[in-house]
Amino acid sequence: MKKIMIVTGGSRGIGAAVARLAASEGYAVCISYLHNRSAAEEIVAEITDRHGVAIAVQADVAIEADVLRLFSHVDATLGTVTALVNNAGILETQMRVDAMDADRITRILMTNVLGSFICAREAVRRMSTAHGGAGGGIVNLSSRASKLGAPGEYVDYAASKAAIDTLTIGLAKEVAAEGIRVNTVSPGVIYTDIHASGGEPGRVDRVKDGIPMKRGGYPEEVAHAVLWLLSDQASFTTGATIDVAGGR
Ligand code: NAP
């Protein structure tokens, strides 16, 4: 079967690493992005220069119409998706819950939770044998924050990732007999731009001594876990979480 992957938020960070590794393993890859067209085009060029297949689509996962357009575009250009990586995720400036306004919490939940749900729904509609599909795999990006809570930084983000943990458990059971495996990768502190969004670009280096392995992680280390979960080697693994967190 032709391997076709959608990676949401594939223009930078962990999503970009997943896209590169997937292309090297023979996937035709569609990365989505929010604003950063040049970064997305760079990843596509990197993959196509190595004779891989990649396209980029601007689509905000928090907007249902954008998600529908993203999946339809993949249907029309690459074929039916066989792997979805629900990677797009955001956090905002570090603060306590008693300083958060409702708009901020809504933004976090719309992108991290609603976005993952509607992308998963579109994938299941295409992959499920109950809908005439040929099966597939979904990997959701959670965070160790879902268990640690991120106090004083972003409890809203941590709670959104707890929702992702539960999405994985429930959806995995719903579609287990329909040819779809659903799993989670839960990264610890990884060197990407996301920490700058929280107002602290150097956060990984500040917290790394508290990590049992005494270092931050790299996007490629997360990507390997994602690709393993999507591979046939993980054929009896569903509803599972792999922590990629240096022991934290
Ligand atoms: P990142 O470097 O900040 O990159 C975020 C990516 O998501 C970018 O490609 C961005 O697109 C895209 N994006 C943001 N909002 C979007 C939206 N509404 N619709 C579509 N795409 C959107 O993030 P990262 O660190 O690689 O994180 C990737 C995932 O891993 C997230 O779910 C994050 O929560 C999770 N995670 C990260 C860490 C960490 O330490 N880095 C730890 C645990 C979990 P543009 O380039 O267009 O902005």
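### Quick notes on the packing of aromatic side chains
By the definition in use, this model includes two aromatic pairs. Pairing Y154 with Y157 gives two aromatic rings, centres 5.6 Å apart and planes at 75°, and the pair type is edge-to-face. The two residues Y154 and Y157 agree in class, both being buried. When the ring of Y191 is compared with that of Y218, the centres are 5.2 Å apart and the planes differ by 25°; the resulting orientation is stacked. Here Y191 is found in the loop between β6 (180-187) and α7 (194-197), whereas its partner Y218 is found in the loop between α8 (203-207) and α9 (219-230), with 27 residues between them in sequence. The ring of Y27 carries the charged tip of K3 above its face, separated from the ring centre by 4.6 Å.

### Thoughts on the side chain of T8
With respect to the secondary-structure elements, T8 resides in the loop between β1 (4-7) and α1 (13-24). From its side chain, T8 meets the backbone nitrogen of A88 in a polar contact 2.9 Å long. The contacts of T8, once residues within four sequence positions are left out, are S32, V61, L84, V85, N86, N87, A88 and C119.

### Section: the state of the cysteines
The full count for this structure, using the stated rule, is zero disulfides. Here C30 is not cross-linked by a disulfide; its sulfur's nearest cysteine counterpart is in C119, at 10 Å. In this structure C30 comes out as buried when scored by relative accessible area, which is 0%.

### Overview of the pattern of salt bridges
Throughout the structure, instances matching the rule amount to 19 salt bridges. A salt bridge links E46 to R20; the shortest N-O distance between them is 2.5 Å. Of this pair, E46 sits in helix α2 (residues 37-49) while R20 is found in helix α1, placing the two residues 26 residues apart along the sequence. For E46, a relative accessible area of 26% corresponds to the partly exposed category.

### Thoughts on the site of the ligand
For the ligand, the set of nearby residues contains 31 residues, the closest of which are S11, H35, N36, Y157 and T192. Within the backbone of N87, an N or O atom sits 2.7 Å from an oxygen atom of the ligand. Contact distances for the ligand include 3.1 Å between an oxygen atom and a side-chain N or O atom of H195. Out of a free accessible area of 900 Å², the ligand has 96% covered by protein chains. Elements supplying a minimum of two residues to the shell around the ligand: α1, α6 (155-175) and α7. Looking at side-chain class alone, the shell around the ligand contains 13 nonpolar, 14 polar and four charged residues.

### Description of the pairing of strand β2 (residues 28-33)
Within β2, six of the six residues are buried, which leaves the element mostly enclosed by the surrounding structure. The side-chain alternation of β2 yields two buried faces, one formed by A28, C30 and S32 and the other by V29, I31 and Y33. When β1 meets β2, the two strands line up parallel, connected through four bridges. The residue bridging I4 from the neighbouring strand is A28, located in β2. The β-α-β motif built from β1, the intervening α1 and the parallel element β2 has right-handed crossover chirality. By the bridge criterion, six bridges tie β2 to strand β3 (residues 53-58) in an arrangement that is parallel. Of the residues in β3, the one forming a bridge with C30 is I55.

Cut-offs applied
- Residues numbered from 1 in each chain as written.
- Predicted model: local features only at pLDDT ≥ 70, side-chain atom pairs only at ≥ 80, totals over all residues.
- Heavy atoms only, no water.
- Phe/Tyr/Trp six-rings, centres within 6.5 Å; stacked < 30°, edge-to-face > 60°.
- Buried < 20%, exposed > 50% of the residue type's maximum accessible area, 1.4 Å probe, protein only.
- Helix = DSSP H or I, 4+ residues; strand = E, 2+ residues; numbered from the N terminus.
- Lys NZ or Arg CZ within 6 Å of the ring centre and 35° of its normal.
- Polar contact = N/O pair within 3.5 Å; in protein donor to acceptor, adjacent residues only side chain to side chain.
- Contact = heavy atoms within 4.5 Å.
- Disulfide = S-S within 2.5 Å.
- Salt bridge = Lys/Arg side-chain N within 4 Å of Asp/Glu carboxyl O.
- Near = heavy atom within 4 Å.
- Areas by Shrake-Rupley, 256 points an atom, 1.4 Å probe, with all protein chains shown as cover.
- Nonpolar A, V, L, I, M, F, W, Y, C, P; charged D, E, K, R; others polar.
- Pairing = 2+ DSSP bridges.
- Right-handed = clockwise from strand over helix to strand, strands pointing away.

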